[in-house]
Amino acid sequence: MAMVLSARLQHSPQQQQELASDLAEQLLASGAAADAAVLLLQHLGDVDGAVSALITAKEWREGLRVAYAHGREDLVDTNLVPAAAQVSMEIIACYYYGS
């Protein structure tokens, strides 16, 4: 909504990018990483940041989709798979050790 209002107020592209960047940062800090990913991707064109935010949100499928859709298969191997494996190991450990 903030980005729509910014456009309607005829903010410059630079102002809109600054707003998107600030909002994404605030969303990440408040735990709304999936929402931050939308801003990072759609308004800033930051595929790396969007995939990273989706990993933080544990949105594995969306992270895969974004990486492949933007030709960034490297992010799958370097970021997404290791993060998913780590979370999987944590879940397994909790199951076995009850902690």
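Whatever comes next refers back to the structure up there.
Basis of the calculations
Residues numbered from 1 in each chain as written. Predicted model: local features only at pLDDT ≥ 70, side-chain atom pairs only at ≥ 80, totals over all residues. Heavy atoms only, no water. Helix = DSSP H or I, 4+ residues; strand = E, 2+ residues; numbered from the N terminus. Axes fitted to C-alpha atoms, helices over the stretch in contact; angles between N-to-C directions. Parallel < 35°, antiparallel > 145°, perpendicular 65-115°, else oblique. Left-handed = near helix turned anticlockwise from the far one by under 90°. Contact = heavy atoms within 4.5 Å. Nonpolar A, V, L, I, M, F, W, Y, C, P; charged D, E, K, R; others polar. Buried < 20%, exposed > 50% of the residue type's maximum accessible area, 1.4 Å probe, protein only. Arc of directions from axis to C-beta.

## As for the environment of Ala32
Part 1: Within the secondary structure layout, Ala32 lies in the loop between helix H2 (13-29) and helix H3 (33-42).
Part 2: Taking C-alpha positions, Ala32 is 9.3 Å from Thr56, a pair spaced 24 residues apart along the chain.

## Structural notes on the packing of H2 against H3
Part 1: Interhelical geometry of H2 versus H3 gives an angle of 165° and a closest axis separation of 8 Å. One way to sum up the angle between H2 and H3 is to call them roughly antiparallel. H2 and H3 meet at a crossing whose hand is left-handed. Every residue of H3 that contacts H2 at Ala20, Leu23, Ala24, Leu27 and Leu28 is listed here: Ala33, Asp35, Ala36, Leu39 and Leu40.
Part 2: Tallied by class, the residues present in the contact of H2 with H3 amount to 9 nonpolar, no polar and 1 charged.

## Some points on helix H5 (residues 60-69)
Part 1: Residues of H5 that are buried include every one of Gly63, Val66 and Ala67, and no others. Viewed along the axis of H5, the buried residues span an arc of 95°, placing them on a single side of the element. The exposed residues of H5 that point more than 90 degrees off its buried face are Arg61 and Ala69.
Part 2: Contact partners of the buried residues in H5: H3, helix H4 (47-56) and helix H6 (73-97).
Part 3: Directly after H5, the chain includes Gly71, whose backbone phi takes a positive value near 65°.

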